[in-house]
2 protein chains.
Amino acid sequence: MSLEVIKNGNPFGAHRVVEPKGVLPQPARKIDNNLNRIWDNELLIDVQFLNIDSASFTQIKTEVGADDDKIKAKILEIVSDRGKMHNPVTGSGGMLIGTVQAVGEKLKETCPLKEGDRIVSLVSLSLTPLAIEEILEVKKETDQVKVKAKAVLFENSLYAKLPEDMPETLALAVLDVCGAPAQTARLVKQGDTTVIIGAGGKSGILCAWEAKRRAGVTGRIIGVEYSDAGVASLEALGICDDVVKLDASDALTCYDTISTLTDGKLADVIINCVNIENTELASIMMCRDKGVVYFFSMATSFTKAALGAEGIGKDVDMIIGNGYTAGHAEIALNVVRESNDIREMYEKLYV
Amino acid sequence: MSLEVIKNGNPFGAHRVVEPKGVLPQPARKIDNNLNRIWDNELLIDVQFLNIDSASFTQIKTEVGADDDKIKAKILEIVSDRGKMHNPVTGSGGMLIGTVQAVGEKLKETCPLKEGDRIVSLVSLSLTPLAIEEILEVKKETDQVKVKAKAVLFENSLYAKLPEDMPETLALAVLDVCGAPAQTARLVKQGDTTVIIGAGGKSGILCAWEAKRRAGVTGRIIGVEYSDAGVASLEALGICDDVVKLDASDALTCYDTISTLTDGKLADVIINCVNIENTELASIMMCRDKGVVYFFSMATSFTKAALGAEGIGKDVDMIIGNGYTAGHAEIALNVVRESNDIREMYEKLYV
Ligand SMILES: NC(=O)c1ccc[n+]([C@@H]2O[C@H](COP(=O)([O-])OP(=O)(O)OC[C@H]3O[C@@H](n4cnc5c(N)ncnc54)[C@H](OP(=O)(O)O)[C@@H]3O)[C@@H](O)[C@H]2O)c1
Ligand SMILES: NC(=O)c1ccc[n+]([C@@H]2O[C@H](COP(=O)([O-])OP(=O)(O)OC[C@H]3O[C@@H](n4cnc5c(N)ncnc54)[C@H](OP(=O)(O)O)[C@@H]3O)[C@@H](O)[C@H]2O)c1
């Protein structure tokens, strides 16, 4: 079947928006997922796996129960309603693994991809046109869904070629959180004391490694973990100079602990990688005046952070975790290439 | 009546939290507003005016109607329930004007205030213990409430002495948004192209002035306004190099306009001072790669900003508007001292 191609697509994919008119694909309620035709600045992808965002997958399981068929039906319902896997409750998406099926004419000169290349999308499924023919399998432990489906990436959409030196599922797990270590690389300077909250989690470990590499021997990396198991396995990894067991929603205890540990100096940089609410104030209080707090956690509340800092008169720069930074995929993949221990841990947990 | 004084208060006011235990006064549901006794690191304030946060005041008016007595009753209900003027729907507070009635023993050496000084609180009412004896008057046009009341400021709470060279209500209006121009002063560098969204508003004007002063003659300040009236009065002020009429919720038009105006270079710094939702994407798109987007607007959504930047592959630093920066009150008051035009405009609108 020959593919119909339309000219003059918008680089951000605005041409696919059905409603409301005038917005971009991410905030749109519904986008056009007719993938029997593409625009000449789009990439058509043959999709094998969806990696549903953890918050979204959890919400779906809570709503319909643990039954695979019901989860499948819910995913199909969302995609047929919205033209994309954009969970209406959590607002989040996920990413996909697939094979390039067609490269739009206009992209041929600049885009390094060719038909048959295996890629991972690095933009959220919440803005990616998706048409599912069939859901083959739901892997509840890893939030993965095996599908027969097609999707489209826009001119400005991000993706990464799947590396050949590791299993696809390992690459996917690393790339899912690749914005965090790349931002860490930009923020942490030689000699900095850095606190990583949730340092034993998927993104936290990569951040801890990257922070240690940037801060160097004169720096100090303090990993905060919540569970005993998390503390033990983080200590075993030996990346952090100190591992402390703290509840990041208990701001006062966090402050006291880090204050004692640093002789009242507090930390230069705080990296928040937790997956729970109400950790803004602890993050702010553990940071020194004029330090930087980087919120990677999607559970961060803008107003709680802004009013929290003002409320205690703390002059810190608070940064919203941008999922994209130049070179983010390479920086993150490099961590598991450098550290065998992290690679093994990731393989045990996420592959 | 002699004032009972308790020792060993927490600098952040944790000793006043009633529930839930362990949190700080801002996130607390209820705090202790018994002001017949204070801790020895507190300031006791005789309160004359409350300046209710605009979002909170609007919500109350919508809920109970425009009737003064009903507004009074609602305010009293919130304060008696929570021990502070912390609107349960909007989560926001406001600020107060009052006279220092007592300075806790422990503060006497370090705190520059003495009994009788007139001050404005620069921390939110959403964390300030408040006991209202009587509401004397509700000024609906300026969100001000005249009261007979007492309040307490904590050791780490921010405040400013009321300046003697301007009316109190003018100072109050300026200090309400003083975090924004102070952050602008830190972010805007010589030669920068800066877009200020909502440049004609209360905070926007101060930011525009401060941006111009920092960017200098080689810089360029582009003011974005929504209404025709707003555009006209901003142009009349003559602070901005360009004034453009745009709807900041229409990301694509904002992008096209600023791209044309800057020959595709886009802006180095974006300052978002609007009071409406869904302006994250426009802010991000008007900014050049590696530029800075500063969100002062409390209507900013963390996830919309984080996913929005990732969705279009834009490598920008996004900063959460901290209401506090060192020197913020002085920087903001200085603007109305330097610019007679801004002072006149403020006096017309807010005094
Ligand atoms: N900005 C973006 O582009 C982007 C992309 C992907 C993910 N994210 C966000 O990043 C966050 C982290 O993701 P992830 O995949 O790294 O999550 P994860 O693997 O589940 O890790 C979460 C970590 O938080 C710790 N934690 C949980 N509760 C805690 C508490 N009360 N105090 C201290 N630590 C606590 C956990 O410790 P224990 O294991 O000991 O409980 C764990 O180490 C999520 O909020 C996610 O939404 C953002
Ligand atoms: N972070 C903090 O500590 C803090 C403290 C105080 C206030 N704030 C926040 O700062 C924000 C601004 O406060 P303010 O007192 O300066 O508000 P304001 O005086 O009401 O100004 C709002 C401005 O936004 C403009 N605007 C409205 N809709 C627009 C649209 N669709 N497109 C472009 N511009 C639009 C308005 O233009 P027109 O007049 O032409 O409609 C006006 O210039 C609020 O969100 C407030 O919550 C934050």
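For clarity, every value in this text was computed on a predicted model and none was experimentally measured. (Residues numbered from 1 in each chain as written. Chains lettered and ligands numbered in written order. Predicted model: local features only at pLDDT ≥ 70, side-chain atom pairs only at ≥ 80, totals over all residues. Heavy atoms only, no water.)

What to know about the sheet that holds strand β11 (residues 193–197) of chain B
Step number 1: Here we have twelve strands laid out as an open sheet, ordered β13(A)-β12(A)-β11(A)-β14(A)-β15(A)-β16(A)-β16(B)-β15(B)-β14(B)-β11(B)-β12(B)-β13(B), and mixed in their pairing. Both outer strands of the open sheet, β13 (242–245) of chain A together with β13 (242–245) of chain B, are each paired with one neighbouring strand and no more. Ignoring strand direction, the axes of neighbouring strands in this sheet form an average angle of 20 degrees.
Step number 2: Pairing analysis gives three bridges linking strand β16 (residues 317–320) of chain A to strand β16 (residues 317–320) of chain B, with the strands arranged antiparallel. Paired with I320 of chain A across the strands is M318 of chain B, a residue of β16 of chain B.
Step number 3: Those strands touched by helix α9 (residues 302–311) of chain A are β15 (287–295) and β16 of chain A together with β15 (287–295) and β16 of chain B, and its axis lies near 175 degrees from that of β16 of chain A. (Pairing = 2+ DSSP bridges. Helix = DSSP H or I, 4+ residues; strand = E, 2+ residues; numbered from the N terminus. Axes fitted to C-alpha atoms, helices over the stretch in contact; angles between N-to-C directions. Contact = heavy atoms within 4.5 Å.)

Side note on the packing of aromatic side chains
Step number 1: Summed over the entire model, instances satisfying the criterion amount to six aromatic pairs over all chains.
Step number 2: Their ring planes at 90 degrees and their centres at 5.5 Å tell us that Y255 of chain A and F12 of chain B sit as a pair that is edge-to-face. A residue pair is termed interchain when its members come from two chains, as with Y255 of chain A in helix α7 (residues 251–261) and F12 of chain B in the loop between β1 (4–6) and β2 (17–19).
Step number 3: Residue F12 of chain B is classed as buried on the basis of its relative accessible area, which comes to 11%. (Phe/Tyr/Trp six-rings, centres within 6.5 Å; stacked < 30°, edge-to-face > 60°. Buried < 20%, exposed > 50% of the residue type's maximum accessible area, 1.4 Å probe, protein only.)

Looking at the interface of chain B and chain A
Step number 1: Contacts between chain B and chain A engage 49 residues on the former and 49 residues on the latter.
Step number 2: Of the roughly 4,300 Å² buried between chain B and chain A on both sides combined, carbon and sulfur atoms contribute 65%.
Step number 3: Interface area lost by chain B to chain A is led by F302, E310 and I320 of chain B, which between them contribute 18%.
Step number 4: Here chain B and chain A share four salt bridges between them. (Buried area = accessible area lost by both parts, 1.4 Å probe. Salt bridge = Lys/Arg side-chain N within 4 Å of Asp/Glu carboxyl O.)

Some thoughts on the site of ligand 1
Step number 1: Taken together, 23 residues sit near ligand 1, with K202, S203, E225, S227 and A248 of chain A positioned nearest.
Step number 2: Surrounding ligand 1 are residues belonging to chains A and B, so the site spans chains.
Step number 3: Here a nitrogen atom of ligand 1 sits 3.4 Å away from a polar atom, N or O, in the main chain of G321 of chain A.
Step number 4: Between an oxygen atom of ligand 1 and a side-chain N or O atom of E310 of chain B, the distance comes to 3.4 Å. (Near = heavy atom within 4 Å. Polar contact = N/O pair within 3.5 Å; in protein donor to acceptor, adjacent residues only side chain to side chain.)

Digging into the sheet that holds strand β8 (residues 130–139) of chain B
Residue and element names in this part refer to chain B.
Step number 1: Pairing is antiparallel in the open sheet, where six strands are placed in the order β8-β9-β5-β6-β7-β10. Two strands close off the open sheet at either side, each with one partner strand: β8 and β10 (159–161). Across the sheet, the mean angle separating the axes of adjacent strands is 30 degrees when strand polarity is ignored.
Step number 2: One ladder, built from three bridges, connects strand β7 (residues 118–121) with β10; its direction is antiparallel. Bridged to I119 within β10 is K161.
Step number 3: Where helix α2 (residues 68–82) meets the sheet, it contacts β8 and β9 (144–153), and its direction lies at approximately 160 degrees from that of β8.

Some details on the side chain of R16 of chain A
All names here are of chain A.
Step number 1: With respect to the helices, strands and loops of the structure, R16 is situated in the loop between β1 (4–6) and β2 (17–19).
Step number 2: There is a polar contact of 2.8 Å between the side chain of R16 and the side chain of E42.
Step number 3: When neighbours within four sequence positions are excluded, R16 is seen to be in contact with I31, D32, N33, N34, L35, R37, I38, W39, E42, P129, V152 and F154.

A word on the pattern of salt bridges
Side-chain pairs of opposite charge can arise whenever the charged atoms involved come near each other.
Step number 1: This structure, assessed with the given rule, holds 57 salt bridges over all chains.
Step number 2: Between E155 of chain A and K106 of chain A there is a salt bridge; the shortest N-O distance is 4.0 Å. Remark: K106 of chain A occurs in the loop between β6 (94–103) and β7 (118–121) and E155 of chain A occurs in the loop between β9 (144–153) and β10 (159–161); sequence separation between them is 49 residues.
Step number 3: Exposure remark for E155 of chain A: the relative accessible area of 32% places this residue in the partly exposed category.
Step number 4: Here K74 of chain B makes a salt bridge to E63 of chain B, at a shortest N to O gap of 3.0 Å. With K74 of chain B in helix α2 and E63 of chain B in helix α1 (residues 54–64), this pair connects stretches of sequence that are eleven residues apart.
Step number 5: Judged by its relative accessible area of 13%, K74 of chain B falls in the buried class.
Step number 6: Shared partners join several salt bridges into a network, and the residues in it are R16, D32, R37 and E42 of chain A.

A look at the relation of the copies chain B and chain A
Step number 1: Turning chain B through 180 degrees and shifting it by 0.0 Å along the axis lays it on chain A, with an RMSD of 0.0 Å. The superposition of one copy onto the other is thereby described by a two-fold rotation axis. Nearest to the rotation axis, the C-alpha of I319 of chain B is located 2.3 Å from it, this being the minimum over chain B. (Least-squares fit on C-alpha atoms with pLDDT ≥ 70 in both.)

Side note on the environment of E141 of chain B
Step number 1: Here E141 of chain B shows up in the loop between β8 and β9.
Step number 2: Along the sequence, E141 of chain B and N51 of chain B sit 90 residues apart, while their C-alpha atoms lie 11 Å from each other.

Focus: the site of ligand 2
Step number 1: Near ligand 2 you find 23 residues, and of these K202, S203, E225, S227 and A248 of chain B are the closest.
Step number 2: Per-site note: the chains with residues close to ligand 2 are chains A and B.
Step number 3: In the model, an oxygen atom of ligand 2 is placed 2.8 Å from a nitrogen or oxygen of the K202 of chain B main chain.
Step number 4: Bound to the protein, ligand 2 loses 81% of the 950 Å² it would expose on its own. (Areas by Shrake-Rupley, 256 points an atom, 1.4 Å probe, with all protein chains shown as cover.)

Let's talk about unusual backbone geometry
The phi torsion of most residues other than glycine is negative, and most of the peptide bonds are trans.
Step number 1: The omega torsion across E19 of chain A and P20 of chain A is -5 degrees, close enough to zero to call that bond cis.
Step number 2: Looking at the element boundaries, P20 of chain A is found in the loop between β2 and β3 (30–31).
Step number 3: Of note in this structure, N278 of chain B is not a glycine but carries a positive phi near 65 degrees.
Step number 4: Of note, N278 of chain B is situated in the loop between β14 (267–272) and α8 (280–285).
Step number 5: At K290 of chain B, a position not held by glycine, the phi torsion is positive, near 70 degrees.
Step number 6: Position of K290 of chain B among the secondary structure elements: in strand β15.

As for the pairing of strand β12 (residues 220–225) of chain B
Residues and elements named next belong to chain B.
Step number 1: Most of β12 is tucked away, with five of its six residues classed as buried.
Step number 2: Across five bridges, β11 lies against β12 in parallel orientation. Bridge pairing in β12 places I196 opposite G223.
Step number 3: Following the chain from β11 across helix α5 (residues 202–215) to the adjacent parallel β12, one finds a crossover that is right-handed.
Step number 4: Two strands pair when backbone bridges link them, and β12 and β13 are joined in this way by four bridges, in the parallel orientation. Residue pairing in the sheet places E225 in a bridge with K245 of β13.
Step number 5: A crossover connection joins β12 to the parallel β13 through helix α6 (residues 228–237); in handedness this β-α-β unit is right-handed. (Right-handed = clockwise from strand over helix to strand, strands pointing away.)

Let's talk about α1 of chain B
Residue and element names in this part refer to chain B.
Step number 1: Inspection of α1 places S56, F57, Q59 and I60 among the buried residues, and these make up the whole buried set. On an axial view of α1, the arc spanned by its buried residues comes to 160 degrees, and they lie on one face.
Step number 2: Buried residues in α1 make contact with β5 (43–52), α2, β8 and β9.
Step number 3: Sitting at the amino-terminal end of α1 is D53, which places a side-chain oxygen 3.0 Å from the backbone nitrogen of A55.
Step number 4: Once α1 ends, the next one or two residues include G65, with phi positive near 95 degrees. (Arc of directions from axis to C-beta.)

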